[in-house]
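# Coordinates in review
Now for the letters of each chain:
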Amino acid sequence: MLDKFGSEFLRRNAETAAVADDPIHVLNPVERAGLRRVSRGAVFRAAVAGIVNGVLTGLGDLYAAHLFGPLSAQPTLGERARYWAVFGTGAVVFAVLEIMYLGWDGLRSVTRLSAVAGLELSKDDNKEVALALARAALELPNPPEAVLGVNPHREASKLQLVFASAVYKLKIFVTNFIFKQVLLHAVPALATRLVLAFTAVPINGLWNGLVCWSVLREARIRVMGPSAAIDMLQTVLEGEPEPSAELALVLHRAVSSAIVRTQELHPNHVAIVRAVRHRLGEPPAGLELDDSVAFLNALPTLSQPEQLVALRLLAVAAFLDGRLVRAEKRLLDEAYTVVGLPAAPGLAHVEKLRRAFVAGDIIPGAELRAVSV
């Protein structure tokens, strides 16, 4: 429901995109200035929303204490129930209002960001991009289901996924708890009920600002992804106008293996998978393309020029989501080792390309091909 609402909101409210001669994934000085302006405004508003929520929640705490008196050292069930009936209800209402505002303002900011970057969300060709941006704006996770035959959780630990989700949900609670403990033990003279009631004010503002900055950074990466996938794939295949069937299969496996190691099907990964299939055709039916071991085993069977092409596409798939996680670096290291190339310089170069892509810099074809030199 949120997916549909968010994407429709973006498409209905899409602003006229800026016209530029360069591709969407290359940000010129005017676009960079516009993106900074959009981001600063959104981060400021998110921080203010967190501060307002913290103040209102603190006032609710003080009002409940004034109405029923402060809780005793060992409060009874009735005392707790009366206190939480007032304070808890207010806290939930304020939190819901804050979340609704942040979601609305996030969608509005992403709409402006897309227009500044040159992406026209109202076009039918950009429906999937609008959906991906809506997920970013509303902080919704990427779909866990397999897409186009690629299961992002094929090599993932279920316990690890659950733990990561729990840690994310508890971040603000833990921060508030630690801050209160510091006040209670480090400066007990300041730890009055009035002060403790408003400890969430700076914490909420800080977290909202940080999360909003992260959301807009992710949205910008998703805006640039589809354009970058097509452009970089063309550069990678520049010397292979008609790849052999063996190379084509390894290229399909390269992209899928990078996704599996990331353990998440990022929208930019979907874009590169579709770009590869559009350029090379559908892979043979019945094969498990998301088997990274099969990819590594197939690399030595290619000629040296073909191995370099596969390494380049693997590098693109690895950094196209804006990250290089440890498992991806390990996959790149293993791939370099299999073809007899030193891994350290290659990994350093891939990281350099990742930073350039996230910044919206121009990546010359020679730089992209240099990952396998």
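Residues numbered from 1 in each chain as written. Predicted model: local features only at pLDDT ≥ 70, side-chain atom pairs only at ≥ 80, totals over all residues. Heavy atoms only, no water.

## Quick word on the overall build of the chain
Note the cut-off: Strands here are runs of E lasting at least two residues and helices are runs of H or I lasting at least four, both read from the DSSP assignment and numbered beginning at the N terminus. The cut-offs for exposure are 20% and 50% of the maximum accessible area for each residue type, with area from a 1.4 Å probe on protein chains only; residues under the lower value are buried, those over the upper are exposed, and the others partly exposed. Contacts are residue-level and defined by heavy atoms, with any inter-residue pair within 4.5 Å sufficient. Only the protein chains shown count as covering a residue, and every accessible area follows the Shrake-Rupley method with a 1.4 Å probe.
A count of helical and extended segments in the chain gives 15 helices and zero strands. Within the chain, the fraction of its 373 residues that count as buried is 46%. A sequence separation of at least 24 residues applies to 80% of the contacts in the chain between residues at least 6 apart. Counting every atom, the chain has about 18,900 Å² of accessible surface; 64% of that belongs to carbon and sulfur.

## As for the nonpolar core
Test applied: Among buried residues, those of type Ala, Val, Leu, Ile, Met, Phe, Trp, Tyr and Cys that are joined through side-chain atoms within 4.5 Å constitute a nonpolar core.
Core analysis: the biggest nonpolar cluster contains 78 residues, and Leu133, Met232, Ile272, Phe295 and Phe357 have the highest contact counts within it. Looking at this core, the element that brings in the most residues is helix α8 (residues 200-236), giving 11 residues. In this view, Phe295 contacts Val250, Arg253, Ala254, Ser257, Leu314, Leu331 and Ala335; residues no more than four positions away in its chain are not counted.

## Things to note about helix α9 (residues 245-262)
To be explicit about the condition: How far a helix is expected to stretch is found by multiplying one less than its residue total by 1.5 Å.
Helix length check: α9 (18 residues) gives 26 Å between terminal C-alpha atoms against 26 Å at 1.5 Å per residue, within 8%. Judged by how many residues are buried, α9 sits mostly within the fold: 15 of 18 residues are covered. Two residues or fewer past α9, Gln263 is found with a positive phi of approximately 65°.

## Regarding the confidence of the model for the chain
As a reminder, the rule being used: Per residue, pLDDT measures the predictor's confidence, with a range of 0 to 100.
Summing up the model confidence of the chain, the mean pLDDT is 81 and the portion of residues at 70 or higher is 81%. Low confidence marks residues 189-193, where pLDDT is under 50. Its contacts with residues over four positions away, or in another chain, come to eight contacts.

## Quick word on the environment of Ser227
Looking at the secondary structure, you find Ser227 in helix α8. A C-alpha to C-alpha distance of 9.6 Å links Ser227 and Ile272, two positions 45 residues apart in sequence. Once residues lying within four places of it in the same chain are set aside, the contact partners of Ser227 are Pro23, Ile24 and His25.

## So, a nonpolar patch on the surface
The following threshold applies: A patch is a set of surface residues, each over 30% in relative accessible area and not in a salt bridge, joined within 9 Å for like charges and within 5 Å for the nonpolar side chains Val, Leu, Ile, Met, Phe, Trp and Tyr. Every case where a carboxyl oxygen of Asp or Glu lies within 4 Å of a side-chain nitrogen of Lys or Arg is listed as a salt bridge.
A surface patch of nonpolar side chains, amounting to about 560 Å² of accessible area, comprises Phe44, Val48, Ile51, Val52, Val55, Leu56 and Leu59. Residue placement: Val55 occurs in helix α2 (residues 29-68).

## Quick word on the packing of helix α3 (residues 77-117) against helix α4 (residues 127-137)
To be explicit about the condition: Axes, fitted as lines to C-alpha atoms, cover a helix only where it is in contact. Angles between the N-to-C directions of the axes lie from 0 to 180 degrees. Note that the term roughly parallel is reserved for angles under 35 degrees, roughly antiparallel for angles over 145, roughly perpendicular for angles of 65 to 115, and oblique for everything else. Left-handed describes a crossing in which the near helix is turned anticlockwise from the far one by less than a right angle; the clockwise case is right-handed.
In the contact formed by α3 and α4, the axes pass within 9 Å of each other and the chain directions differ by 135°. Accordingly, the angle class assigned to the pair α3 and α4 is oblique. The chirality of how α3 crosses α4 is right-handed. Packed against α3, whose contacting residues are Gly106, Leu107, Val110 and Ser114, the element α4 presents Leu133, Ala134 and Ala137 at the interface.

## Concerning the pattern of salt bridges
All chains considered together, the criterion is met by 13 salt bridges. As a salt-bridge pair, Arg323 and Asp321 come within 3.6 Å of each other at their nearest N and O atoms. Accessibility expressed as a relative area gives 1% for Asp321, which makes it buried. Several salt bridges share partner residues, and in doing so they unite Arg45, Asp105 and Arg108 into one network.

## Digging into the packing of helix α12 (residues 304-319) against helix α13 (residues 326-338)
A pair of packed helices is captured by two measures, namely the crossing angle of their axes and the spacing between those axes. Rules: In this classification, the charged set is Asp, Glu, Lys and Arg, the nonpolar set is Ala, Val, Leu, Ile, Met, Phe, Trp, Tyr, Cys and Pro, and all remaining amino acids, among them Gly, are polar.
Contact geometry of α12 with α13 gives a least axis separation of 11 Å together with a crossing angle of 175°. Compared by their axis directions, α12 and α13 come out roughly antiparallel. Each of Leu311, Leu314, Ala315, Ala317 and Ala318 in α12 lies in contact with α13, whose residues at this interface are Glu328, Leu331, Leu332, Ala335 and Tyr336. Looking at the contact of α12 with α13 residue by residue, the classes come out as nine nonpolar, no polar and one charged.

## Focus on the environment of Val129
For Val129, the location among the structural elements is in helix α4. Judged by relative accessible area, which is 11%, Val129 ranks as buried. On a C-alpha basis, the gap between Val129 and Ser7 in space is 8.7 Å, while along the polypeptide they are 122 residues apart. Leave out the neighbours within four places in its chain, and Val129 touches Leu119, Arg222 and Pro226.

## Structural notes on the packing of aromatic side chains
Filter applied, for reference: Pairing of aromatic side chains requires ring centres within 6.5 Å, counting the rings of Phe and Tyr and the six-membered ring of Trp. Pairs whose planes differ by under 30 degrees are stacked, by over 60 edge-to-face, and all others tilted.
According to the stated counting rule, one finds three aromatic pairs in the structure shown. Both rings, one in Phe5 and one in Phe9, keep their centres 6.2 Å apart while their planes meet at 45°; by these two values the pair is tilted. With Phe5 and Phe9 both in helix α1 (residues 2-12), this residue pair falls four residues apart, about one helical turn. Classification of Phe5 by relative accessible area gives partly exposed; the value is 46%. Note on Phe9: relative accessible area 11%, which makes it buried.

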